[in-house]
Amino acid sequence: RPEDRARVWSLAWPMIVSNLSVPLLGLVDTAVLGHLPDPVYLAAVAVGTTIFGFLYWGFGFLRMGTTGLAAQLHGRAPSRDRDGALRLLLAQGCTLAAALGALVLLLAPLGVAVGLELLAPPPEVAEEARRYAAIRIFSAPAVLATYACTGFLVGLGDTRSVLVVVVTTNLANIVLDLILVLGLGLRTEGVAGATLAAELLGLALAAGFALRRLRAHRAPLDRAALLRPSAYGELLAVNGHLFLRTLVLLGAMAFFTAQGARQGETVLAANALLLNLLMVVAHGLDGFAHAAEALAGRAIGAGDRDGFLRVLRAAGRFSLLTGIAFAALYAVAGDAVVGLLTDLPAVAAAARAQLPWLAALPLLALWCFLLDGVFIGAMRTRAMRDTMVLAVLGVYLPLWWATRGLGNAGLWLAFDAFFLARGVALGRVLLREFEGWFPATDVPAPQPSPRFGGRG
């Protein structure tokens, strides 16, 4: 229905714009470093961002879990209990983020050392990556708290505030990149310093918007629950599957980077360039996945089965059109895009050799992105964990092993199959379990927990 498409689009377009600014930052980093005379700097930032992806994105459950819980609470009828639960959810999410951020700071030296050992870059790349990490690590508490705040905003359907946060943060990062790297010649240290400053700015903006939204929810904060350690057990249980699922995903991404690194710094740099182009696709598709999170969670919280199905159909159509557009773009203009990002002949040639695999990915991966959003809104996190493990252990790694004689082409073949397997597995679960997500029409809809509003 037109009104369903309008609802999806109204939530999705701010997330699409904000999400596309994230890979834009990666593309600027690639372009700035890719035009320096030595590829070591581009390779070092690729290694450094992979390590921080593992350190930070592993805690992405703070964003995803908060979105699903907030969306299901938002679907309930307004009440003092609902408003108090929303306030407590944000407060506990930020408190947990601060504690985990402090833990990341404490364990950072060990984490960076282990990451470099696993990725095994050449010695000169490893040294530059250490310089990057020594600066970037200080943003850890800010990054995790921003996850909680933006997840809360998405769950309430306030994607426009998230747009302001992400776009402002990334524009600041880009400007600082240009000043510190091209202007002052700081290279990897400049990229890290720009990212640190921008991430602190992002937290200030996200917290301000989240607190503004709470003004409409007048119920007092349950300070006893906020200060009681045992009260966090339920929040951690809801998000535990998401945490493990994200770790497996990051392991798959790190494995991809590590296998590229073992083929030399040219292949490593080429794959980093192509991954940035993939991130453009991922963040574009994630806009509709974020809309599905909020609207599907809201429908489940309200017990609205038909509304859920309408959201799924509308978001699915948008995702399919977006995937087709990206696939066509990379198939037709991929050579030109690679030329814009680097003038290093060997890196450009290695990247162009894998363009067919990149062009296929939007059509293969759109289903897993969309269904991730649906399952987050439904808080069916166990299925997300299990299907991720199945895709890695049952498809990705065996296929890589069987085709490793093909070199980088075999690695990309396995990578494409990994995304397809995730979508197929989630689709099978949805078809098998969907009816159980909603009560029978003659039975009152189950009420979510007064504290969090979700089902684990």
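Anything mentioned here points back to the structure above.
All figures in this text were calculated on a predicted structure; none of them were measured in a lab. (Residues numbered from 1 in each chain as written. Predicted model: local features only at pLDDT ≥ 70, side-chain atom pairs only at ≥ 80, totals over all residues. Heavy atoms only, no water.)

1. Looking at the packing of aromatic side chains
A complete count under the given rule lists 22 aromatic pairs for this structure. The interplanar angle of 85° and the centroid separation of 5.7 Å between the aromatic rings of tryptophan 412 and phenylalanine 415 together place this pair among those described as edge-to-face. Of this pair, tryptophan 412 and phenylalanine 415 both sit in helix α16 (residues 408-433), separated by three residues, roughly a single helical turn. Assessed through its relative accessible area of 0%, phenylalanine 415 is described here as buried. (Phe/Tyr/Trp six-rings, centres within 6.5 Å; stacked < 30°, edge-to-face > 60°. Helix = DSSP H or I, 4+ residues; strand = E, 2+ residues; numbered from the N terminus. Buried < 20%, exposed > 50% of the residue type's maximum accessible area, 1.4 Å probe, protein only.)

2. Re the state of the cysteines
Following the criterion strictly, the structure yields zero disulfides and no others. Note on cysteine 149: no disulfide assigned, nearest cysteine sulfur contributed by cysteine 94 at a separation of 3.7 Å. For cysteine 149, a relative accessible area of 2% translates into the label buried. (Disulfide = S-S within 2.5 Å.)

3. A look at the pattern of salt bridges
Applying the stated rule across the entire model yields 13 salt bridges. A salt bridge links aspartate 372 to arginine 422; its shortest N-O distance comes to 2.8 Å. Here the residue aspartate 372 occupies a position in helix α14 (residues 355-378), and arginine 422 occupies one in helix α16, the gap between them amounting to 50 residues. Both residues of the pair, aspartate 372 and arginine 422, count as buried. Several salt bridges converge on common partners, so that one network encompasses Glu128, Arg131 and Glu189. (Salt bridge = Lys/Arg side-chain N within 4 Å of Asp/Glu carboxyl O.)

4. Let's talk about unusual backbone geometry
Even without glycine at this site, methionine 379 takes up a positive phi of about 55°. Within the secondary structure, methionine 379 sits in the loop between α14 and α15 (381-403).

5. Regarding a nonpolar patch on the surface
On the surface, Val175, Ile179, Leu184 and Leu186 cluster together into a nonpolar patch covering about 350 Å² of accessible area. Structurally, valine 175 is set in helix α7 (residues 159-183). The exposure class of valine 175 is partly exposed, given its relative accessible area of 47%. (Patch = residues over 30% accessible without salt bridge, like charges linked within 9 Å, V, L, I, M, F, W, Y side chains within 5 Å. Areas by Shrake-Rupley, 256 points an atom, 1.4 Å probe, with all protein chains shown as cover.)

6. Focus on the nonpolar core
The biggest cluster of nonpolar side chains holds 145 residues, and the ones touching the most others in it are Phe375 and Trp437. Residues Leu88, Ala91, Leu226 and Tyr232 belong to the second largest nonpolar core, which totals five residues. (Core = buried A, V, L, I, M, F, W, Y, C linked by side-chain atoms within 4.5 Å.)

7. A look at the layout of surface pockets
Empty space left among the atoms is revealed by rolling a probe the size of a water molecule over them. Considering only enclosed or pocket space, the largest pocket measures out at about 490 Å³ in volume. As for the largest pocket, its lining consists of 23 residues, of which Ile51, Phe54, Leu55, Gly111 and Val114 are closest to the centre. Of the residues assigned to the lining of the largest pocket, the class counts are 16 nonpolar, six polar and one charged. (1 Å grid on protein atoms, 1.4 Å probe; cavity = no way out; pocket = protein on both sides within 12 Å on 5 of 7 lines; lining within 4 Å. Points joined across faces, edges and corners; volume = space filled by probe spheres on them. Nonpolar A, V, L, I, M, F, W, Y, C, P; charged D, E, K, R; others polar.)

8. Observations concerning helix α5 (residues 123-136)
Between its first and last C-alpha, α5 extends 20 Å over 14 residues, near the 20 Å set by a 1.5 Å rise per residue. Every buried residue of α5 is accounted for by Val125, Ala126, Glu128, Ala129, Tyr132, Ala133 and Arg136. Down the axis of α5, the buried set is contained in an arc of 165°. They therefore lie on one face. On the buried face of α5, the contacting elements are α2 (40-57), α4 (80-119), α8 (188-214) and α11 (265-301). (Expected span 1.5 Å × (residues − 1). Arc of directions from axis to C-beta. Contact = heavy atoms within 4.5 Å.)

9. Structural notes on empty space enclosed by the protein
Counted under the stated rule, the structure contains four cavities of 30 Å³ or more. Taken together, Phe61, Leu62, Gly65, Thr66, Leu89, Gly93, Leu96, Leu235 and Asn239 make up the lining of the second largest cavity. Examining the composition of the lining of the second largest cavity, we find that four residues originate from one element, helix α3 (residues 61-74), more than from any other. Residue classes in the lining of the second largest cavity are distributed as five nonpolar, four polar and no charged.

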